[in-house]
Amino acid sequence: MNKPLKTLISAMTLAISATALQAQAASVIKLHHDMTEDSAQHEGAERLKQLIEERSNGEYEVNIYPNNALGDDVQVAQQMQFGAVEAAPIPTAKLSGFNKNLQLIDMPFLFPSREAAYELLDGPIGDEVLSGLRKAGFEPAMFWESGFKQLTCNHAVNSPADLDGRKVRVMESPLLISQYKALGSNPVPIAFSETYTALQQGVVECQENPLVSISQMKFYEVQDDLMLSNHGYLATAFIFSKTWFDQQSPENQQMLKAAVREAGEYQRERSIAREQAYLDGIEAAGGTEIVSLSPEQLQKFSQAMTPVYDEFAGKLDDNLLERTQQALAAQ
């Protein structure tokens with residue numbers, strides 16, 4: 001073999017080897033969520049990891065960071081704005097500072113059922129609300145969920161008067177703060193990861209969260225009463241870092257969003273399926289009285305929270321609240 005030909009073959013071999021190595025180096029997607037590994041949120045994340053890695057033929061590697069391992073939700077959202085974290089489902093209340101229209105979903109007693117919430121959030125109004133996140137540096141894909149919120153306290157709550165003057169832990173959300181002010185309470189914004197300690201030390205007396213959080217974060221250990229109220233719905237907006245997402249091919253962008261939607265349907269199913277087990281576990285632990293509030297009691301809470309609607313209707317874009325109420329009534 002002459003020297004020029006031998007040199008050419010060697011160069012081609014090196015180029016092929018370099019291409020193969022480059023193909024083997026998967027792009028890493030850091031996926032954050034705020035719940036424990038024993039949660040529907042984590043099950044959804046695991047399903048998403050499986051779908052993305054299989055459908056990309058190994059082009060992507062998804063690393064899941066549960067339980068706020070990368071920081072709390074707001075900190076992670078800020079990291080996502082410049083591409084340090086690629087993906088996350090984050091509660092809408094915590095993203096309302098980036099897009100005010102997300103406050104719509106946290107309106108008290110807005111959704112009569114999960115089915116009503118899914119229909120609205122998966123439709124045009126849900127898409128409209130999600131689209132506002134793009135200006136803040138996020139690429140939205142779908143709403144996942146933690147479910148309907150319940151109330152826990154160190155005393156029984158049967159009417160709005162039972163919350164008068166009480167300190168209640170809330171997320172950092174103007175709407176949720178107003179919701180408890182309407183009840184005469186003293187709302188105190190506290191990070192999710194610090195809520196157990198705040199309850200234990202008496203910094204606050206009450207808190208609201210879906211059953212998954214009450215169970216998995218063991219809030220029931222430091223609360224005497226659990227009122228099943230379904231007074232608000234906690235959706236999580238699944239978002240990608242727009243800085244990162246825009247760098248992906250159109251084909252991969254389509255695949256990623258489709259995977260989020262498929263994993264999201266599974267996450268919702270698992271969220272529903274787990275709730276009775278959460279209740280059973282809290283009851284078995286003892287020490288926490290579980291009470292289902294009656295329709296008449298819930299109506300009193302709903303009426304007491306009416307000022308929240310009056311206050312925030314004008315803060316949302318284009319009659320969004322009115323259009324939402326009309327859409328829900330037409331279901």
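Structural data are supplied above this passage.
Let me begin by describing the structure that accompanies this report. Remember, it's a predicted structure, so these values are computed and weren't measured experimentally. (Residues numbered from 1 in each chain as written. Predicted model: local features only at pLDDT ≥ 70, side-chain atom pairs only at ≥ 80, totals over all residues. Heavy atoms only, no water.)

A tally of helices and strands in the protein yields 14 helices and 9 strands. Seen through its C-alpha atoms, the protein measures out along the principal axes to roughly 95 × 45 × 30 Å. When contacts within the protein are restricted to residue pairs at least 6 apart in sequence, long-range pairs at least 24 apart make up 75% of them. Of the roughly 14600 Å² that the protein leaves accessible, carbon and sulfur atoms contribute 50%. (Helix = DSSP H or I, 4+ residues; strand = E, 2+ residues; numbered from the N terminus. Contact = heavy atoms within 4.5 Å. Areas by Shrake-Rupley, 256 points an atom, 1.4 Å probe, with all protein chains shown as cover.)

It is worth spelling out the state of the cysteines at this point. Applying the stated criterion to the full structure yields 1 disulfide. The partner cysteine of cysteine 153 in its disulfide is cysteine 206, sulfur to sulfur 2.1 Å. Its torsion about the S-S bond being 115 degrees, the disulfide of cysteine 153 and cysteine 206 is classed as right-handed. Highlighted residues: cysteine 153 in strand S4 (residues 138-153) and cysteine 206 in strand S7 (residues 206-210), separated in sequence by 53 residues. This pair shows no difference in class: cysteine 153 is buried, exactly as cysteine 206 is. (Disulfide = S-S within 2.5 Å. Buried < 20%, exposed > 50% of the residue type's maximum accessible area, 1.4 Å probe, protein only.)

What follows is about the pattern of salt bridges. One pass over the structure, following the stated rule, counts 19 salt bridges. The residue glutamate 86 makes a salt bridge to lysine 30 at a minimum N-O spacing of 3.5 Å. With a gap of 56 residues between them, glutamate 86 in the loop between helix H3 (73-81) and strand S3 (87-91) and lysine 30 in strand S1 (residues 27-32) connect regions that are remote in the sequence. Overall, the relative accessible area of 6% leaves glutamate 86 in the buried class. For lysine 30, a relative accessible area of 23% gives the class partly exposed. Of the charged contacts, one joins arginine 166 and glutamate 205 as a salt bridge, the two residues approaching to 2.9 Å between their closest N and O atoms. One end of the pair, arginine 166, is in the loop between S4 and strand S5 (167-170); the other, glutamate 205, is in the loop between helix H8 (195-200) and S7, with 39 residues separating them in the sequence. (Salt bridge = Lys/Arg side-chain N within 4 Å of Asp/Glu carboxyl O.)

Examined against the element boundaries, glutamine 297 turns out to sit in helix H12 (residues 295-304). At a separation of 3.4 Å, a polar atom in the side chain of glutamine 297 contacts the main-chain carbonyl oxygen of asparagine 158. A distance of 2.8 Å separates a polar side-chain atom of glutamine 297 from the backbone nitrogen of serine 294. Once residues within four sequence positions are removed from consideration, glutamine 297 is found in contact with Asn158 and Ser292. (Polar contact = N/O pair within 3.5 Å; in protein donor to acceptor, adjacent residues only side chain to side chain.)

If you look at the biggest cluster of nonpolar residues, it comprises 57 residues, and the most contacted ones within it are Ile105, Met107, Phe111, Phe143, Leu163 and Tyr233. Here this core takes 6 residues from strand S8 (residues 225-241), the largest share from any one element. The residues contacting phenylalanine 111, other than those within four sequence positions of it, are Ile105, Ala116, Ala117, Leu120, Leu121, Phe148, Tyr233 and Leu328. Counting 22 residues, the second largest nonpolar core, distinct from the first, contains Ile29, Tyr60, Phe238 and Trp244. (Core = buried A, V, L, I, M, F, W, Y, C linked by side-chain atoms within 4.5 Å.)

Glancing now at the environment of glutamine 201. Structurally, the position occupied by glutamine 201 is in the loop between H8 and S7. Given the relative accessible area of 60%, glutamine 201 is considered exposed. Taking C-alpha positions, glutamine 201 is 9.1 Å from valine 222, a pair spaced 21 residues apart along the chain.

Turning next to helix H5 (residues 114-121). Most of H5 is tucked away, with 6 of its 8 residues classed as buried. If you check which residues of H5 are buried, you get Arg114, Ala116, Ala117, Tyr118, Leu120 and Leu121.

In this section: the packing of aromatic side chains. Taken as a whole, this structure holds 9 aromatic pairs when the rule is applied. One aromatic cluster in this structure is built from Tyr60, Trp144, Phe238, Phe240, Trp244 and Phe245. Lying across the ring of tyrosine 266, arginine 47 places its NZ or CZ 3.9 Å from the centre. Taking NZ or CZ as reference, lysine 315 lies 4.6 Å from the ring centre of phenylalanine 312, over its face. (Phe/Tyr/Trp six-rings, centres within 6.5 Å; stacked < 30°, edge-to-face > 60°. Lys NZ or Arg CZ within 6 Å of the ring centre and 35° of its normal.)

The relative placement of two packed helices comes down to the angle between their axes together with the axis-to-axis distance. In contact at an axis separation of 7 Å, helix H2 (residues 40-55) and helix H11 (residues 250-285) are set at 155 degrees when each is read in the N-to-C sense. By the angle between their directions, the pair H2 and H11 is classed as roughly antiparallel. You can see that H2 and H11 cross each other, and the crossing is right-handed. Every residue of H11 that contacts H2 at Ala40, Gln41, Glu43, Gly44, Arg47, Leu48, Leu51, Ile52 and Arg55 is listed here: Met255, Leu256, Ala259, Val260, Glu262, Ala263, Tyr266, Gln267, Arg270, Ser271, Arg274 and Tyr278. (Axes fitted to C-alpha atoms, helices over the stretch in contact; angles between N-to-C directions. Parallel < 35°, antiparallel > 145°, perpendicular 65-115°, else oblique. Left-handed = near helix turned anticlockwise from the far one by under 90°.)

So, about the pairing of strand S2 (residues 60-65). Only one face of S2 is buried: it carries Tyr60, Val62 and Ile64, and the other face, with Glu61, Asn63 and Tyr65, is open. Note that S1 and S2 share 6 bridges and pair parallel. Among the inter-strand pairings, histidine 32 is bridged to a residue of S2, identified as tyrosine 65. In this region the chain leaves S1, passes through H2 and returns to the parallel neighbour S2; the handedness of that crossover is right-handed. (Pairing = 2+ DSSP bridges. Right-handed = clockwise from strand over helix to strand, strands pointing away.)

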